[in-house]
Amino acid sequence: MELKDIQQLLHEHKFRLTKEREAVLMAFVDARRMFTPAQLHDYVKERYERVGLTTVYRLLEALTKVGLATPFLIDGEIYYTFCPNQHHHHFVCLQCHQVKELFQCNAQQAMDVDQKIGTVAYHKLDFFGRCRSCEEEKH
């Protein structure tokens, strides 16, 4: 998803993208990993000194609301990752915090087979473990 599409989506939800928020957004998108809000704040401050922690929280809240960020609770902390605006799942490395997007999904087919439980509006399926790079470092 391109920056102009993200800007348009946020604008449609009445969220103004200031220069500071745009700096956080670009860092978040380009990093390709998940962050706690404090980690993202530190990461952005290395490049753009004028960003406050409140700005980071507000942007993450807006991105989550429009479906462009996903929160994960790991070891008692909430981490966020940027997500494309299409249906997908995640593999999260618990060691390096890299997030891989998984676009192949058969979960809906499984739900369609068992109509006894009700009508499914949406589903979420994420995997947590250790990525290949972290596994190789272990040996």
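Values in this document were obtained by computation on a predicted structure and should not be read as measured data. (Residues numbered from 1 in each chain as written. Predicted model: local features only at pLDDT ≥ 70, side-chain atom pairs only at ≥ 80, totals over all residues. Heavy atoms only, no water.)

**Considering unusual backbone geometry**
A negative phi holds for most residues other than glycine; trans holds for most peptide bonds. Spelled out, the test is: Secondary structure counts use DSSP, requiring at least four H or I residues in a row for a helix and at least two E residues in a row for a strand, with both numbered from the N terminus. A simple rule labels every residue: compare its accessible area, found with a 1.4 Å probe on the protein chains alone, to the largest value its type can have, and call it buried under 20%, exposed over 50%, or partly exposed in between.
Of note, Lys 14 is a non-glycine position whose phi angle comes to about 60 degrees, a positive value. For Lys 14, the location among the structural elements is in the loop between α1 (3-12) and α2 (19-31). The phi angle at His 97 is positive, at roughly 70 degrees, despite the residue not being glycine. Note on His 97: relative accessible area 13%, which makes it buried.

**Here we look at the side chain of Thr 70**
Rule in force here: The contact definition used throughout considers only heavy atoms, calling two residues in contact when any of these lie within 4.5 Å.
Mapping Thr 70 onto the fold places it in strand β1 (residues 69-74). In contact with Thr 70, other than residues within four places in its own chain, are Tyr 79, Tyr 80, Thr 81, Cys 83, His 90 and Lys 124.

**What to know about the layout of surface pockets**
Basically, it comes down to this: Note on definitions: the grid is 1 Å and covers protein atoms alone; a cavity is a set of points where a 1.4 Å probe fits but cannot get out; a pocket is an open set with protein on both sides within 12 Å along at least five of seven lines; lining residues have an atom within 4 Å of a point. Grid points are joined across faces, edges and corners, and a volume is the space filled by probe spheres set on the points. As a working rule, the residues Ala, Val, Leu, Ile, Met, Phe, Trp, Tyr, Cys and Pro are called nonpolar, Asp, Glu, Lys and Arg charged, and the rest polar, with Gly in that last group.
Estimated volume of the largest pocket: approximately 290 Å³. Along its surface, the largest pocket is lined by 15 residues, and Thr 70, His 87, His 88, His 123 and Lys 124 are the ones closest to its centre. Secondary structure elements with two or more residues in the lining of the largest pocket: β1 and β3 (89-93). Residues belonging to the lining of the largest pocket are distributed by class as follows: five nonpolar, nine polar and one charged. In this model, the second largest pocket occupies a volume close to 240 Å³. Taken together, the elements giving at least two residues each to the lining of the second largest pocket come down to α2, β2 (77-82) and β4 (99-102). With three residues, the top contributor of residues to the lining of the second largest pocket is β4.

**Quick look at the pattern of salt bridges**
What counts, and what does not: Any Lys or Arg side-chain nitrogen located within 4 Å of an Asp or Glu carboxyl oxygen qualifies as a salt bridge.
Counted by the stated rule, this structure contains three salt bridges. Salt-bridge contacts for Arg 47 lead to Glu 46; the nearest nitrogen and oxygen are separated by 3.4 Å. Here Glu 46 falls in the exposed class, since its relative accessible area comes to 64%. Taking the shortest distance from any N to any O, the salt bridge between Arg 130 and Glu 135 comes out at 3.9 Å. Exposure remark for Glu 135: the relative accessible area of 29% places this residue in the partly exposed category.

**Structural notes on the packing of aromatic side chains**
Keep this limit in mind: Only the six-membered ring of Trp is used, alongside the rings of Phe and Tyr, when aromatic pairs are assigned; centres must lie within 6.5 Å, and planes under 30 degrees apart are stacked while those over 60 apart are edge-to-face, with the rest tilted. Should the NZ of a Lys or the CZ of an Arg lie within 6 Å of a ring centre and within 35 degrees of the ring normal, that charge is described as sitting over the ring.
In the structure shown here, the tally under the stated rule is three aromatic pairs. Seen in terms of ring centroids, Phe 35 and Tyr 43 are 5.1 Å apart; in terms of plane orientation they differ by 40 degrees. Their pairing is tilted. With relative accessibility at 2%, the residue Phe 35 sits in the buried group. Taking the centre distance of 5.7 Å and the plane angle of 85 degrees together, the rings of Phe 72 and Phe 128 count as edge-to-face. Within this pair, whereas Phe 72 is found in strand β1, its partner Phe 128 is found in strand β5 (residues 126-129), the two being separated by 56 residues in sequence. Overall, Phe 72 belongs to the buried group, its relative accessible area being 3%. Directly above the ring of Phe 35 sits Arg 33, whose terminal nitrogen or CZ lies 4.6 Å from the centroid. Stacked on the ring of Tyr 43, the Lys or Arg Arg 47 has its end atom at 3.9 Å from the ring centre.

**Some details on helix α3 (residues 37-45)**
Stated formally: As used here, the arc belongs to the directions running from the helix axis to the C-beta atoms.
Every buried residue of α3 is listed here: Pro 37, Leu 40, His 41 and Val 44. An end-on view of α3 places all buried positions within 105 degrees of arc, on one side of the element. Structurally, α3 contributes buried residues whose contacts are with α2, α4 (53-65) and β2.

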